[in-house]
Number of protein chains: 2
Amino acid sequence: MYKQSERSSAAVLADHTDACPNQASPSHTSSTGHVACSSCNLREMCLPTGLSREDLGKVEAVVNQRRRIARGQALYRSGDDFNAIYAIRYGFFKAQVASPDGREQVTGFLMAGELLGMDGIGTERHTVDAVALEDSEVCVMPFSQLETLSREVNGLQRQLHRVMSREIVRENGVMMLLGTMRAEERLAAFLINLTQRLKARGFSSTELVLRMTREEIGSYLGLKLETVSRTFSRFQDEGLIEVKQRHVKILDADGLRSLFSSEAATAH
Amino acid sequence: MYKQSERSSAAVLADHTDACPNQASPSHTSSTGHVACSSCNLREMCLPTGLSREDLGKVEAVVNQRRRIARGQALYRSGDDFNAIYAIRYGFFKAQVASPDGREQVTGFLMAGELLGMDGIGTERHTVDAVALEDSEVCVMPFSQLETLSREVNGLQRQLHRVMSREIVRENGVMMLLGTMRAEERLAAFLINLTQRLKARGFSSTELVLRMTREEIGSYLGLKLETVSRTFSRFQDEGLIEVKQRHVKILDADGLRSLFSSEAATAH
DNA sequence: CGCAGAGTTGAGGCGCTTCAAGAGCGGTGG
DNA sequence: CCACCGCTCTTGAAGCGCCTCAACTCTGCG
């Protein structure tokens, strides 16, 4: 039914069947089995997009390790040394920053095929926390090797620049959301964005299971959890969506879209 | 008195003495005189930070053009083809995004030594407008040449990655500001940030001339111009600053800082 | 001198937050 | 198996912070 949840709920189950008894620290397990980008179905939305078969082989030589992160565990934390960037193989993460006085802001939610860790390049230290919201696995790409290789493989260099630029542009969009939109618009934009990304990964674009709490959604959108909850309820009353806890069914995607694009006249 | 304003006001004057009569389109003038990074006093806060003399020479070969932008003109606009990134030689810019329905959000203010244009790398099209807030000049760095050169000059590659990563981190900070801070905190953080950057450029860290309107500040901070104005007035009443139009004197920098860092208990 | 753009200030209202109570759900242990 | 606990989510009521609308001042410029 929820196509998205199949593997995910299985992963959650896996959490409690083998995470506890088998391993002391499941979050730091690294399965060093060789990684084959060429046989990864996320290839085309991950870092090696558009590389030739030959170049792909060179990249595979750099992506020599995977790492599993149990739900609730951090892949890295603000202040950690920066060594690598990470591609999500499966699972779901949040990225968040903390201010000196303890406030936290979720800066992004990341899913399979997306990259984590670019915040650390500038200072050799990570500046955000990357926390798994479900049991996840990432490919570890040591950055110094990536830099070396991208001098030789033009397509990789190009792709690395693209990915970083797109992250800048994505954040511009979030700034616009936070700076100019009302609660209703923010949440509608959030839902549409999520469903689009899920659709690109072959999941349903009308049914999804939220991997984060209302509070985390609120943090991302600059709202309090009660406002998120109320707005969900209002969307449901208006027939735009159907919400049952974290299960959301989109009933009127265009209606949602019209809440934040074009129809600016909604504001009175 | 206002060290910062010396050259700037001179530039503004230049605007009205030669922009109108002498040139049809001052914003597109490119003075192709050779550019010498090695003799540029912004060298150490610009792209070629930390390069050897030899490598610097190679970079200079790529930075072969300057461009002047008159106040109010755009260096580039959203939708324009992406060709180059730009280093500001002097002047002041705002970067802003527009949503389909016409809302605008200022995503940054940029000063000498800072880089513009990285928003365009990902899609080969710019996604933001870069508008000069005073008469300005930039060094044009064709990106394809920069990519080619950065394969050869490791320091340049490294620096390019650093700069992009730092932009991501900066935007994370703005997201935190927009998502969690109150008007007072936002404006205090804004002022402290500006003065720090001015100080790094050798200007006074206590007296500054704002190059942007209240509305532009408000757009950046997710506030309305009236709120910006009122908050300035309140800061003045509290003896934190002295405001006279766009002239701002910082009287109590620590007081301002305490408004947004540590003292979270300010919220009641 | 008058006009336009930018900034200030006041009054009132709305949207979101805050505070609070209760319901739903999953996990745990008797 | 069911009672219980903790966490998440929902919903209501009241308050406050920022926005909206509006009038006025200030400054620079023709």
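Here is a short report on the structure shown in this document. (Residues numbered from 1 in each chain as written. Chains lettered and ligands numbered in written order. Predicted model: local features only at pLDDT ≥ 70, side-chain atom pairs only at ≥ 80, totals over all residues. Heavy atoms only, no water.)

Further remarks concern the environment of B:Met118. Along the chain, B:Met118 falls in the loop between strand S5 (115–116) and strand S6 (129–142). It is 6.3 Å that separates the C-alpha atoms of B:Met118 and B:Ile85, two residues lying 33 residues apart in sequence. With residues near it in sequence (within four places) discarded, B:Met118 still touches A:Ser165, A:Ile168, B:Ile85, B:Val163, B:Met164 and B:Glu167. (Helix = DSSP H or I, 4+ residues; strand = E, 2+ residues; numbered from the N terminus. Contact = heavy atoms within 4.5 Å.)

Here we take up the protein's contact with DNA strand C. Close contacts around DNA strand C come from 18 residues, with A:Ala183, A:Thr227, B:Ser229, B:Arg230 and B:Ser233 the closest. Among the atoms of DNA strand C lying within 4 Å of the protein, the sugar-phosphate backbone contributes 63%. At 2.3 Å from a phosphate oxygen of DNA strand C is found a side-chain nitrogen or oxygen belonging to A:Thr227. Within the side chain of B:Ser229, a nitrogen or oxygen atom sits 2.6 Å from a phosphate oxygen of DNA strand C. (Near = heavy atom within 4 Å. Polar contact = N/O pair within 3.5 Å; in protein donor to acceptor, adjacent residues only side chain to side chain.)

To continue, consider the packing of aromatic side chains. In total, this model carries 12 aromatic pairs over all chains according to the counting rule given. Aromatic ring contacts, followed pair by pair, group A:Phe92, A:Phe109, A:Phe190 and A:Tyr220 into a single cluster. (Phe/Tyr/Trp six-rings, centres within 6.5 Å; stacked < 30°, edge-to-face > 60°.)

Now for the pairing of S6(B). Residue and element names in this part refer to chain B. Along S6, 14 of the 14 residues are buried, which leaves the element largely enclosed by surrounding structure. Across 5 bridges, the pairing between strand S1 (residues 65–69) and S6 is antiparallel. Residue pairing in the sheet places Ile 69 in a bridge with Ser 136 of S6. Alignment of strand S3 (residues 84–98) against S6, held across 11 bridges, turns out to be antiparallel. Looking at S6, one finds that Ala 84 is bridged to Pro 142. (Buried < 20%, exposed > 50% of the residue type's maximum accessible area, 1.4 Å probe, protein only. Pairing = 2+ DSSP bridges.)

Here we take up the packing of helix H5 (residues 183–200) of chain B against helix H7 (residues 225–237) of chain B. Residues and elements named next belong to chain B. Where H5 contacts H7, the two axes come as close as 10 Å, and the packing angle between them is 75°. Here H5 lies roughly perpendicular to H7, going by the angle between them. Only Thr 227, Val 228, Thr 231, Phe 232, Arg 234 and Phe 235 of H7 make contact with H5, whose side of the interface consists of Ala 183, Glu 184, Leu 187, Ala 188 and Leu 191. For the contact of H5 with H7, the residue count by class is 7 nonpolar, 2 polar and 2 charged. (Axes fitted to C-alpha atoms, helices over the stretch in contact; angles between N-to-C directions. Parallel < 35°, antiparallel > 145°, perpendicular 65-115°, else oblique. Nonpolar A, V, L, I, M, F, W, Y, C, P; charged D, E, K, R; others polar.)

Residue and element names in this part refer to chain B. Considered for burial, the residues of helix H2 (residues 53–62) that qualify are Asp 55, Leu 56, Val 59, Glu 60 and Val 62. Down the axis of H2, the buried side of the element spans an arc of 150°, and every buried residue falls inside it. Exposed and oriented more than 90 degrees from the buried face of H2 are Arg 53, Glu 54 and Ala 61. The elements touched by buried residues of H2 are S6, helix H3 (143–152) and helix H4 (154–180). (Arc of directions from axis to C-beta.)

Moving on, we come to the sheet that holds strand S7 (residues 207–209) of chain A. Whenever strands of a sheet pair, they do so through backbone hydrogen bonds, lying parallel or antiparallel. Residues and elements named next belong to chain A. The sheet built from 3 strands is open, its strands ordered S7-S9-S8 with antiparallel pairing. Every interior strand has two partners, whereas the edge strands, S7 and strand S8 (241–244), have only one. Averaged over neighbouring strand pairs, the angle between their axes works out to 15° when direction is ignored. By the bridge criterion, 4 bridges tie S8 to strand S9 (residues 247–250) in an arrangement that is antiparallel. Across the sheet, Ile 241 pairs through a bridge with Ile 250, a residue of S9. Helix H5 (residues 183–200) rests against S7, S8 and S9 of the sheet, and its axis sits at about 100° to S7.

Note that all results are geometric; they support no functional claim without further evidence.
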